[in-house]
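As a plain string of letters, each chain reads:
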Protein chains: 2
Amino acid sequence: MLNDPMVLTPIAGAPRAEPEKRVRDRGATEKAILKAAKALLAEEGFQNFGINAVARRAGCDKQLIYRYYGGLNGLVEAIGADLGTWVKDKIPEDTGGMFLLTYGDLMERLSLLFLEALRDDPLVRRIVAWEVSENTEQVRRLSEARSKALATWLERMRGSLTPPKGVDVVAVNAILIAAIQHLVLSASAGGQCAGLALKTAKDWDKAATALKRIVRGVYG
Amino acid sequence: MLNDPMVLTPIAGAPRAEPEKRVRDRGATEKAILKAAKALLAEEGFQNFGINAVARRAGCDKQLIYRYYGGLNGLVEAIGADLGTWVKDKIPEDTGGMFLLTYGDLMERLSLLFLEALRDDPLVRRIVAWEVSENTEQVRRLSEARSKALATWLERMRGSLTPPKGVDVVAVNAILIAAIQHLVLSASAGGQCAGLALKTAKDWDKAATALKRIVRGVYG
DNA sequence: CCGATTTGTCACTCATCGGTGAGTAACAAC
DNA sequence: GTTGTTACTCACCGATGAGTGACAAATCGG
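Residues numbered from 1 in each chain as written. Chains lettered and ligands numbered in written order. Predicted model: local features only at pLDDT ≥ 70, side-chain atom pairs only at ≥ 80, totals over all residues. Heavy atoms only, no water.

Draft legend 1. Layout of the overall build of chain A. The helix and strand inventory of chain A stands at ten helices and two strands. Counting from the amino terminus, chain A carries its helices and strands in the arrangement α-α-α-α-α-α-α-α-α-β-β-α. In summary, chain A has a C-alpha radius of gyration of 23 Å against a globular reference of 17 Å for 220 residues, an excess of more than 25%. Structurally, chain A occupies a C-alpha span of about 80 × 35 × 35 Å along its principal axes. The proportion of buried residues among the 220 residues of chain A is 48%. (Helix = DSSP H or I, 4+ residues; strand = E, 2+ residues; numbered from the N terminus. Rg over C-alpha atoms; globule rule 2.2 N^0.38 Å. Buried < 20%, exposed > 50% of the residue type's maximum accessible area, 1.4 Å probe, protein only.)

Okay, here's the thing in structure tokens:
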């Protein structure tokens, strides 16, 4: 009932003004799309994250996103795949010349490392914000990938150190991680958290000191 | 299914199929709008929060929202006004028969109260999620109202108890609040936080115990 | 060289959004 | 009644969202 396919098409060879020599390379285009999606998510957040925006940013047609990734879901999944290696990439393995003798030593260091890493990764920050704001399949995938990576990282860093007896380490660590994540998100969104300013380096020093004190309090 | 632009409605006085006895009462309408907005925000989150949705839910025309509240901003502001009394309404004043001898006693109790209160207030939960996801004028207003109310509440509950020397209470408390908020948000969105399940009452008991331990650790 | 497939572009539908101008229905005072 | 004000509804606008089918052009297999 709509356009008759045979009718239109005036003259096919319409002269394109400036046909920029665009190389046809599927692999490169796929990478460009993924890169654009990550950058967009990092800069704009999940609010304005959509097919059109990604296509615009990637400088290609949105149709290609459907073709190559099967839509937004697939694209998000591809982002999630990268996320698996986040901690590995972002957080140094070595102990910075310190001797980590106790579990408390370890967790103090890891807390600060995690805080740092999160603080300068806008993409992951946005994803965390997304995680606590929505509960769609997309987000669940991202969240799962992230938390799994985090857990294995924590486990690997623990090494042979044994946590103190009688403490629910999983629960305590979850709370510590929650605190760090929310602190960074709050700061990123409004520059403060529960009355604590979080803008200058000095502000962050105070936060880090308080965090250390808390970790030390619970893990000795 | 809605209006077809081609169908001519002869006279604007379109026949309402059901002559719902709609009372003309500006005050009531305003309240209905506000109520609809809060319910919508609580249930759907800020994602689908807009003029059209609120009007639809309130069962009135969106024009009235512009007229009575000056648009979404004004409406959000009205919601924020209610938020000022949140803690007062939600959290009991009395100490539950306990003697709060130390600052640690107090903060342990307040932490748990805050956790509880946040856990069963979907509206405030959504607002907190909003706070960490966006940075618009709207959200800033809400955030400010909430954090101010929280601060004065904390101050008032402190009474004559003096916090331990040498501890940056503002920073430490901010981190505790951050932890609680993120914990509840995570649970609400995905039923878990950093590998810690947060669904059953038992799960929450574990979280509460861990939280108590942390508070005790830092405040003795 | 030719035909088929891949790669990319365009044009379109349909839905919904925020926002506005213009109109109608109830009600009170005269 | 008539008039004026208040409360409310409707129809439309431009913009933008996701999604789809058709087609041009580059590339490849032969």
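Draft legend 2. Expanded view of the protein's contact with DNA strand C. Residues in contact with DNA strand C amount to 22 residues; listed here are only the nearest, Arg24, Thr29, Arg67 and Tyr68 of chain A together with Lys62 of chain B. In DNA strand C, atoms within 4 Å of the protein come from the sugar-phosphate backbone in 57% of cases. Between DNA strand C and Ile51 of chain B there is a distance of 3.4 Å, counted from a phosphate oxygen to a backbone nitrogen or oxygen. Mapped onto the surface near DNA strand C, the elements with two or more residues apiece are α1 (26-44) and α3 (62-69) of chain A together with α2 (51-58) and α3 (62-69) of chain B. The greatest single-element share of the surface near DNA strand C, amounting to four residues, is contributed by α3 of chain A. Partitioned by chemical class, the residues of the surface near DNA strand C number seven nonpolar, six polar and nine charged. (Near = heavy atom within 4 Å. Polar contact = N/O pair within 3.5 Å; in protein donor to acceptor, adjacent residues only side chain to side chain. Nonpolar A, V, L, I, M, F, W, Y, C, P; charged D, E, K, R; others polar.)

Draft legend 3. Layout of unusual backbone geometry. For Ala194 of chain A, which is not a glycine, the phi torsion comes out positive at approximately 50 degrees. Mapped onto the elements, Ala194 of chain A comes out in the loop between β1 (192-193) and β2 (196-197).

Draft legend 4. Representation of the interface of chain B and chain A. Opposite the 43 residues of chain B that make contact, chain A presents 43 residues. When chain B packs against chain A, the two sides together hide about 3500 Å² of surface, and 69% of this comes from carbon and sulfur. At the boundary of chain B with chain A, the tally comes to zero salt bridges. There are seven residue pairs in polar contact (both at pLDDT 80 or more) connecting chain B and chain A. Contributions of two or more residues to the side of chain B that touches chain A are made by α7 (122-131), α8 (137-158), α9 (169-190), β1 (192-193) and α10 (201-219) of chain B. (Contact = heavy atoms within 4.5 Å. Buried area = accessible area lost by both parts, 1.4 Å probe. Salt bridge = Lys/Arg side-chain N within 4 Å of Asp/Glu carboxyl O.)

Draft legend 5. Looking closely at the nonpolar core. Within the largest apolar cluster, 156 residues are counted, with the highest numbers of intra-cluster contacts made by Phe49 and Tyr219 of chain A together with Phe49 and Tyr219 of chain B. Leaving out residues up to four positions away in the same chain, Phe49 of chain B has contacts with Ala37, Leu40, Leu41, Val54, Leu72, Val76, Ile79 and Trp130 of chain B. (Core = buried A, V, L, I, M, F, W, Y, C linked by side-chain atoms within 4.5 Å.)

Draft legend 6. Local environment of the domain arrangement of chain A. Residues and elements named next belong to chain A. Partitioning chain A into domains gives domain 1 (26-82) and domain 2 (86-219). The C-alpha centroid of domain 2 is placed 28 Å from the C-alpha centroid of domain 1. Contacts between domain 1 and domain 2 engage 15 residues on the former and 13 residues on the latter. Here domain 1 meets domain 2 over a buried area of about 1100 Å², counting both sides, of which 71% is carbon and sulfur. For the domain 1 face of the interface with domain 2, the top three residues by lost area are Ala42, Phe46 and Val76, together amounting to 44%. (Domains from an automatic or database assignment.)

Draft legend 7. Spatial organisation of the relation of the copies chain B and chain A. Overlaying chain B on chain A yields an RMSD of 0.1 Å, the required transformation being a rotation through 180 degrees with an accompanying axial translation of 0.0 Å. The symmetry that links the two subunits is that of a two-fold axis. Here 100% of the contact residues of chain B are again contact residues in chain A; the copies associate through an equivalent surface. (Least-squares fit on C-alpha atoms with pLDDT ≥ 70 in both.)

Draft legend 8. Structural view of the confidence of the model for chain A. In the predicted model, chain A carries a mean pLDDT of 89, and 90% of its residues have values of at least 70. Low pLDDT, under 50, characterises residues 1-20 of chain A; the stretch is placed with zero contacts to residues that sit more than four places away or in other chains. (pLDDT = per-residue confidence, 0-100.)

Draft legend 9. Just the packing of aromatic side chains, in detail. Inspection of the entire model under this criterion finds nine aromatic pairs over all chains. With 5.0 Å between their ring centres and 85 degrees between their planes, Tyr103 of chain A and Tyr219 of chain A make a pair best called edge-to-face. Note that Tyr103 of chain A is positioned in helix α6 (residues 103-119) and Tyr219 of chain A in helix α10 (residues 201-219), a separation of 116 residues in sequence. Here the two residues Tyr103 of chain A and Tyr219 of chain A agree in accessibility, since each one is buried. Grouped by ring-pair contacts, the aromatic residues Phe46, Phe49 and Trp130 of chain A together with Phe46, Phe49 and Trp130 of chain B constitute a single cluster. Lying across the ring of Trp204 of chain A, Arg119 of chain A places its NZ or CZ 4.2 Å from the centre. (Phe/Tyr/Trp six-rings, centres within 6.5 Å; stacked < 30°, edge-to-face > 60°. Lys NZ or Arg CZ within 6 Å of the ring centre and 35° of its normal.)

Draft legend 10. Focus on the pattern of salt bridges. What the rule picks out here adds up to 24 salt bridges over all chains. One salt bridge connects Glu77 of chain B with Arg141 of chain B, and the closest N-O pair in it is separated by 2.6 Å. Residue Glu77 of chain B is located in helix α4 (residues 72-83), and its partner Arg141 of chain B is located in helix α8; the two are separated by 64 residues in the primary sequence. Residue Arg216 of chain B is joined to Asp105 of chain B by a salt bridge in which the shortest nitrogen-to-oxygen separation is 2.8 Å. Here Asp105 of chain B lies in helix α6 (residues 103-119) and Arg216 of chain B lies in helix α10, a separation of 111 residues in the sequence. Judged by relative accessible area, Arg216 of chain B falls into the partly exposed class, the value being 29%. Through salt bridges that share partners, Glu77, Glu137, Arg140 and Arg141 of chain A make up one connected network.

Draft legend 11. Fine view of helix α7 (residues 122-131) of chain A. Residues and elements named next belong to chain A. By the criterion of burial, α7 is predominantly enclosed, with eight of the ten residues buried. All of the buried residues along α7 are Leu123, Val124, Arg125, Ile127, Val128, Ala129, Trp130 and Glu131. At the N-terminal end of α7, a side-chain oxygen is found 3.0 Å from the backbone nitrogen of Leu123, two or three residues along, and the residue is Asp121.

Draft legend 12. How the structure looks around α10 of chain B. If you check α10 of chain B, its first and last C-alpha atoms are 26 Å apart, about what 19 residues at 1.5 Å a residue would give, namely 27 Å. Buried residues in α10 of chain B make contact with α9 (169-190) and α10 of chain A together with α6, α9 and β2 (196-197) of chain B. Taken from the residues just after α10 of chain B, Gly220 of chain B is the one with a positive phi, measuring 70 degrees. (Expected span 1.5 Å × (residues − 1).)

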